[in-house]
Amino acid sequence: MSNTILQERAINTIRFLSADGVQKANSGHPGLPMGAAAIAYTIWTKHLRHNPKNPQWFDRDRFVLSGGHGSMLLYSLLHLTGYDLPLEQLKQFRQWGSITPGHPEVGLTPGIETTTGPLGQGLGNAIGMAVAEAHLAAVYNKPGHDVINHTTYVIVGDGDMMEGVASEAASFAGHQKLGKLICFYDDNKITIDGSTDLAFTEDRAKRFEAYGWQVLRVDDGNDVAKIDRAIKKAKKDPRPSFIICKTIIGYGLPTKQGTAKAHGEPAGEEELRAAKEKIGWPVEPFYIPEDAAKEFKKCVSRGKKLEADWKKRFDAYAAEFPTEAAELKRRISGELPKDWEKALPVFDADPKGLGSRVASGKVINALTAAIPELLGGSADLAPSNNTWINSSVAFQADHREGKNFHFGVREHGMASIVNGMNVHGGMRTYGATFMVFADYLRGALRVSALSHIPSIWILTHDSIGLGEDGPTHQPVETVASLRIIPNLLVIRPADANETAEAWRVALKNTKRPTALALSRQNLPTLDRKTLAPASGLEKGAYVLTDLGGKKPEIILMASGSEVSLVLDAAHKLAAEGKSVRVVSFPSWELFKEQSAEYRESVFPSDVKKRVAVEAGSTMGWNQWVGDAGVVIGIDHFGASAPGKVVMEKFGFSVDHVLEEAKKLLG
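Rules and cut-offs
Residues numbered from 1 in each chain as written. Predicted model: local features only at pLDDT ≥ 70, side-chain atom pairs only at ≥ 80, totals over all residues. Heavy atoms only, no water. Helix = DSSP H or I, 4+ residues; strand = E, 2+ residues; numbered from the N terminus. Rg over C-alpha atoms; globule rule 2.2 N^0.38 Å. Buried < 20%, exposed > 50% of the residue type's maximum accessible area, 1.4 Å probe, protein only. Contact = heavy atoms within 4.5 Å. Polar contact = N/O pair within 3.5 Å; in protein donor to acceptor, adjacent residues only side chain to side chain. UniProt positions renumbered as here; feature names shortened; annotations may be inferred. Core = buried A, V, L, I, M, F, W, Y, C linked by side-chain atoms within 4.5 Å. Domains from an automatic or database assignment. Pairing = 2+ DSSP bridges. Axes fitted to C-alpha atoms, helices over the stretch in contact; angles between N-to-C directions. Phe/Tyr/Trp six-rings, centres within 6.5 Å; stacked < 30°, edge-to-face > 60°. Right-handed = clockwise from strand over helix to strand, strands pointing away.

**Topic: the overall build of the protein**
For the protein, the count of helices and strands is 24 helices and 20 strands. For 666 residues, the compact-globule estimate of 2.2 N^0.38 gives 26 Å, and the C-alpha radius of gyration of the protein, at 28 Å, lies within 12% of that figure. Per-residue burial for the protein yields a buried fraction of 62% across its 666 residues. Considering only intrachain contacts with a sequence separation of at least 6, the fraction spanning at least 24 residues in the protein is 76%.

**Overview of the side chain of His47**
The residue His47 is located in helix α2 (residues 31–47) in this model. Look at His47 and you get buried, because its relative accessible area is 8%. In terms of polar contacts, His47 uses its side chain to reach the side chain of Lys235, at 2.9 Å. Each residue touching His47, except ones within four places of it in the same chain, is listed here: Thr42, Asp61, Tyr153, Asp228, Ile231, Lys232 and Lys235.

**Quick look at the UniProt feature "binding site: Mg(2+)" (unreviewed entry) in the protein**
In the numbering used here, UniProt assigns the "binding site: Mg(2+)" (unreviewed entry) feature to Asp158, Asn188 and Ile190. Of the residues just listed, which span 33 residues, no C-alpha pair is farther apart than 7.6 Å, and they cluster in one region. When residues no more than four places from it in sequence are discounted, the contact partners of Asp158 are Tyr185, Asp186, Asp187, Asn188, Lys189, Ile190, Thr191, Thr196, Phe200 and Arg204. By relative accessible area, which is 12% here, Ile190 ends up buried. If sequence neighbours within four positions are ignored, Ile190 has contacts with Asp158, Ser195, Thr196, Ile249, Gly258, Thr259 and Ala260.

**Side note on the nonpolar core**
Grouped together as the largest cluster of nonpolar side chains are 99 residues, with contacts concentrated most on Leu123, Ile127, Trp213, Phe242 and Trp503. At 11 residues, the largest contribution of residues to this core is made by helix α5 (residues 121–140). A domain-level breakdown of this core finds at least three residues from each of domain 1 (5–303) and domain 2 (340–525).

**Looking at the sheet that holds strand β6 (residues 214–218)**
Strand order in the open sheet made by the five strands is β1-β2-β3-β7-β6, with parallel pairing throughout. Edge positions in the sheet fall to β1 (62–65) and β6, since each of these pairs with one other strand and no more. If you compare each strand with its neighbour and ignore which way they point, the axes differ by 20° on average. Pairing analysis gives four bridges linking β1 to strand β2 (residues 152–156), with the strands arranged parallel.

**Points about the sheet that holds strand β14 (residues 514–517)**
A sheet is described by the order of its strands in space; here six strands give the open sequence β10-β9-β11-β12-β14-β13, paired in parallel fashion. At either margin of the open sheet sits one strand with a lone partner, and together these are β10 (404–406) and β13 (489–491). Recorded for the sheet is a direction-independent mean angle of 20° between the axes of neighbouring strands. Bridge analysis of strand β9 (residues 374–378) against strand β11 (residues 428–434) gives five bridges, and the strand direction is parallel. Note on β11: the bridge partner recorded for Ser378 is Ala432. Contacting β9, β10, β11 and β12 (456–460), helix α15 (residues 411–424) runs over the sheet at an angle of about 165° to β11.

**Some words on the packing of aromatic side chains**
Inspection of the entire model under this criterion finds 30 aromatic pairs. Ring geometry for Tyr75 and Phe93: centres 6.1 Å apart, planes at 65°, overall edge-to-face. Separated by 18 residues along the polypeptide, Tyr75 in helix α3 (residues 71–80) and Phe93 in the loop between α4 (87–91) and α5 bring together distant segments of the chain. Here the two residues Tyr75 and Phe93 agree in accessibility, since each one is buried.

**A closer look at the pairing of strand β7 (residues 241–246)**
Within β7, five of the six residues are buried, leaving the element largely enclosed by the surrounding structure. Pairing of β6 with β7 involves five bridges; the strand directions are parallel. Within the sheet, the bridge partner assigned to Val215 lies in β7 and is Phe242. Regarding topology, helix α9 (residues 224–235) serves as the crossover connection from β6 to the parallel β7, and that connection is right-handed.

So, in structure tokens, the structure goes:
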């Protein structure tokens with residue numbers, strides 16, 4: 001090994017800061033930080049273009065630690081290289097109120113690019129970042145003006161490599177020839193259960209070669225010169241690069257290095273002391289040698305110079321291409337274009353109507369002219385999800401400007417990539433599939449909610465109303481399961497105009513993701529001349545109409561495709577002399593955010609007779625109908641038959657709604 005004395009001291013600083021943080025918390029994972037310290041040191045001090053004093057500089061390189069359990073590695077690097085992360089925060093690792101949680105969380109700790117921990121997703125996020133860079137560079141760079149030009153680095157471990165999402169995303173990246181993506185495989189051959197020989201014996205190099213990646217090997221993951229040479233070689237290849245670094249988990253721990261015990265438990269006071277004494281390292285915790293500190297702090301001056309140089313180049317670009325520069329700056333800021341809402345289509349009343357998935361497609365195509373950053377794709381379902389942007393081509397290796405993404409049948413990979421594109425910045429990206437397959441991408445959907453990533457999830461074929469495909473594709477439980485995810489906005493629009501309003505709300509939501517539950521079957525486009533405007537959707541629930549001219553005796557409420565059903569039932573009740581209120585209820589989350597006064601105005605507390613109708617699980621609806629109300633739903637799997645037949649057989653008919661309403665009315 002050819003490391004200099006200073007390099008070794010700097011690397012050991014990372015190792016022991018990380019191990020000390022874990023030891024003080026008496027919780028955490030010292031193995032990855034100690035084993036991969038040299039890889040991280042080489043990336044951060046020799047290659048990573050970043051400015052610690054401005055973590056949001058847009059043309060910075062991105063660094064993702066996919067194995068988020070090794071978070072102390074990141075926190076040590078951030079502190080040492082000059083980010084606003086005081087040493088005291090490292091000492092408060094995993095403690096209440098700290099900004100050094102057990103796994104990295106974007107938006108909480110300065111310099112963290114994305115939330116990682118659920119294994120494999122970090123690689124997908126990194127791939128999404130590389131996609132975003134490639135797309136923005138294609139759209140905005142001009143001859144002699146490379147204002148978008150950065151690299152994404154990611155460290156993955158054995159656990160990441162085993163997860164299916166990593167395979168999905170890596171396959172996509174290879175196909176797309178994302179040459180500015182460099183992935184380091186921390187190949188220590190240890191997992192929680194023990195040696196990877198227990199369950200993971202495939203040839204990882206051949207696997208990534210088959211994906212279309214350049215595969216490089218570093219036989220000693222502690223050798224800075226070898227790691228450096230591999231990175232330089234990776235940068236010259238047009239393919240994404242997979243650098244396999246042979247490492248030892250928990251490197252330096254006398255009895256635990258190279259074993260599963262180094263993975264997920266503190267080293268122990270005696271073990272850690274022995275490791276330090278073995279190399280002559282001071283045993284005091286959180287020790288940082290002065291010469292190592294100076295070496296790391298060079299990142300500050302270098303980063304300031306890099307950003308200043310970029311700003312000069314951007315100014316020159318803006319002088320020659322003012323329109324493009326202004327648009328790029330706006331996109332970087334996250335602000336939507338002025339008057340973009342004027343592009344939202346308005347749909348005429350139509351008894352036949354159209355599926356809300358079709359309406360969504362029309363909305364997307366109307367908006368993309370006004371919002372150039374709106375783009376996305378489907379998991380091999382664009383014609384069914386109606387996500388294709390007609391004015392653009394597909395994003396491919398030879399068409400980086402394309403706004404349409406063929407993610408393939410890779411729901412989890414798609415969702416992780418979409419999250420990565422959105423956290424990168426400069427775009428609003430959607431990902432689409434059938435609603436029932438939200439379970440295949442749920443891990444990434446959950447992270448988008450936890451991390452306040454404004455990804456838009458288009459989930460079509462939202463009920464048993466899809467018909468003949470049968471119970472394997474009919475998501476009776478899925479809407480309910482999505483509603484229990486904190487910070488996820490779920491919207492199930494009733495017609496085309498509510499669908500347009502749902503998109504308005506989704507795009508305005510910049511601190512949380514949105515799930516759009518859209519129908520396959522046609523939904524009547526409601527006559528807004530006689531009914532309340534669809535803009536009421538923004539409040540989650542609104543009075544669609546009051547029939548009978550008196551204070552309502554009964555309230556009929558529904559979401560999505562069942563709104564027109566309860567409206568028809570209400571008219572029949574009114575014809576029989578009953579006073580009926582019809583409430584369209586597209587979003588529980590939005591409704592809960594309204595004032596108590598507004599909620600009372602929609603659901604007067606003294607009107608106890610209520611019927612809720614939704615072609616899905618009844619779970620949760622009791623909070624809106626109360627003890628005296630009735631919920632018409634489906635708490636079992638569906639059946640294969642034409643959609644109208646399935647709906648009627650399972651009780652979603654005017655006659656059944658009337659029957660239940662009349663029972664309440666007596």
